[in-house]
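Residue strings, one per chain:
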Amino acid sequence: MASNRHLGRIIALQTLYEQELRLEAADKTFDASEVLERNIARYKEMIDDVSFIRELVKGVTKEAAKLDAALQPVAPEWPIDQIARMDRLVLRIGLYELQSEADVPPKVVINEAVELAKAFGGDNSSKFINGVLGTLLRQQEDLARPAKAKKTAVKTVKKPAAKKAPAKKAATTKPAKAKKLAAKTIKAKAPTAKKPTKKPAKK
């Protein structure tokens, strides 16, 4: 499936590239559906996920303006219309997949875009594509993180249990017994008076 979709992305890129060229040239004979089906037919024996290719081309074409608006702030030094055509189309495909293809892991999407840039872009295209899409992915994750954290906090925070007042310990010695014990102690400590010894009378 992975290699199949890789080829599908190549077909989508070829179709979108031809579409831009012919629309800019005001080619009145251009038919987007015809071009797409022609490109799919070239590789019909090598692909089976045709719906993925059609969805990718139609989705990127329909959302082109929104995709460009999201891409521009990430590469402010490169106005969208000044980015090389191939790089711009690869970025659109990659961003569209990040936003719309939930069944494809984001890292796979970026790796695929980088491979397209290496194959069809310039010398620095792959680094540029990787940097832009990587930044956009982090932005998406940052936006999703607070909502998840808040939801988790609501589930885990519990009302603290009221602390019980410590029970008073009962006196271990009863008052009457303590009084009797004290009396014995005092009596034991009191010195005993000695009887005076009588001296023998002188004869």
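These notes cover the structure that comes with them.

1. Here's the deal with the pattern of salt bridges
Scanning the entire structure with this criterion turns up 15 salt bridges. Between Arg85 and Glu20 there is a salt bridge, and its shortest N-O distance comes to 2.9 Å. With Arg85 in helix 5 (residues 85–100) and Glu20 in helix 1 (residues 2–24), this pair connects stretches of sequence that are 65 residues apart. Just as Arg85 is buried, Glu20 falls in that class too. The partner of Glu20 in a salt bridge is Arg92, with the nearest N and O atoms 2.8 Å apart. Of this pair, Glu20 sits in helix 1 while Arg92 sits in helix 5, and the two are 72 residues apart along the sequence. Take Arg92: its relative accessible area is 10%, and that puts it in the buried class. Sharing partners across several salt bridges, the network here consists of Glu20, Glu24, Asp68, Arg85, Arg88 and Arg92.

2. Side note on the packing of helix 2 (residues 32–42) against helix 3 (residues 50–62)
Put simply, helix 2 and helix 3 touch, their axes get as near as 11 Å, and they point 150 degrees apart. Between helix 2 and helix 3 lies a crossing of right-handed hand. Touching Leu36, Glu37 and Ile40 of helix 2 are Val50, Ile53, Arg54 and Val57, all from helix 3. Its residues placed into classes, the contact of helix 2 with helix 3 shows 5 nonpolar, no polar and 2 charged.

3. Remarks on helix 6 (residues 106–120)
For helix 6, spanning 15 residues, the distance from its first C-alpha to its last is 21 Å, which sits close to the expected 21 Å at 1.5 Å a residue. Listing the buried residues of helix 6 in full gives Val109, Ile110, Glu112, Ala113, Val114, Leu116 and Ala117.

4. Digging into unusual backbone geometry
With phi around 55 degrees, Ala26 is a residue other than glycine that occupies positive phi space. Within the fold, Ala26 resides in the loop between helix 1 and helix 2. On the basis of relative accessible area, Ala26 is assigned to the exposed category, the value being 55%.

5. With respect to helix 5
Under the 1.5 Å per step criterion, the end-to-end length of helix 5 is 22 Å for 16 residues, consistent within 8% with the ideal 22 Å. When you tally the buried positions in helix 5, you get 14 out of 16 residues, the bulk of the element.

6. Some remarks on the nonpolar core
Ile53 and Leu133 are the most contacted members of the largest nonpolar core, which totals 41 residues. Elements supplying a minimum of two residues to this core: helix 1, helix 2, helix 3, helix 4 (64–71), helix 5, helix 6 and helix 7 (125–156). Per-element accounting of this core gives the leading share, 8 residues, to helix 5. Setting aside residues up to four positions removed in sequence, Ile53 forms contacts with Gly8, Ile11, Ala12, Leu36, Ile40 and Ile47.

7. Section: the packing of helix 4 against helix 5
Any two packed helices are characterised by how steeply their axes cross, that is the angle between the axes, and by the distance between the axes. In contact at an axis separation of 10 Å, helix 4 and helix 5 are set at 95 degrees when each is read in the N-to-C sense. The angle between the axes of helix 4 and helix 5 places the two elements in the roughly perpendicular class. Along the contact surface, helix 4 presents Ala64, Leu67, Asp68, Ala70 and Leu71, while helix 5 presents Leu91, Arg92, Leu95, Tyr96 and Gln99. Of the residues in the contact of helix 4 with helix 5, the class split is 7 nonpolar, 1 polar and 2 charged.

8. Section: the environment of Leu133
Within the secondary structure, Leu133 is located in helix 7. In this structure, the C-alpha to C-alpha distance between Leu133 and Val114, residues 19 residues apart in sequence, is 9.4 Å. Once you skip the residues sitting within four places of it in the chain, Leu133 turns out to touch Leu91, Gly94, Leu95, Leu98, Ile110 and Ala113.

About the criteria used
- Residues numbered from 1 in each chain as written.
- Predicted model: local features only at pLDDT ≥ 70, side-chain atom pairs only at ≥ 80, totals over all residues.
- Heavy atoms only, no water.
- Salt bridge = Lys/Arg side-chain N within 4 Å of Asp/Glu carboxyl O.
- Helix = DSSP H or I, 4+ residues; strand = E, 2+ residues; numbered from the N terminus.
- Buried < 20%, exposed > 50% of the residue type's maximum accessible area, 1.4 Å probe, protein only.
- Axes fitted to C-alpha atoms, helices over the stretch in contact; angles between N-to-C directions.
- Left-handed = near helix turned anticlockwise from the far one by under 90°.
- Contact = heavy atoms within 4.5 Å.
- Nonpolar A, V, L, I, M, F, W, Y, C, P; charged D, E, K, R; others polar.
- Expected span 1.5 Å × (residues − 1).
- Core = buried A, V, L, I, M, F, W, Y, C linked by side-chain atoms within 4.5 Å.
- Parallel < 35°, antiparallel > 145°, perpendicular 65-115°, else oblique.

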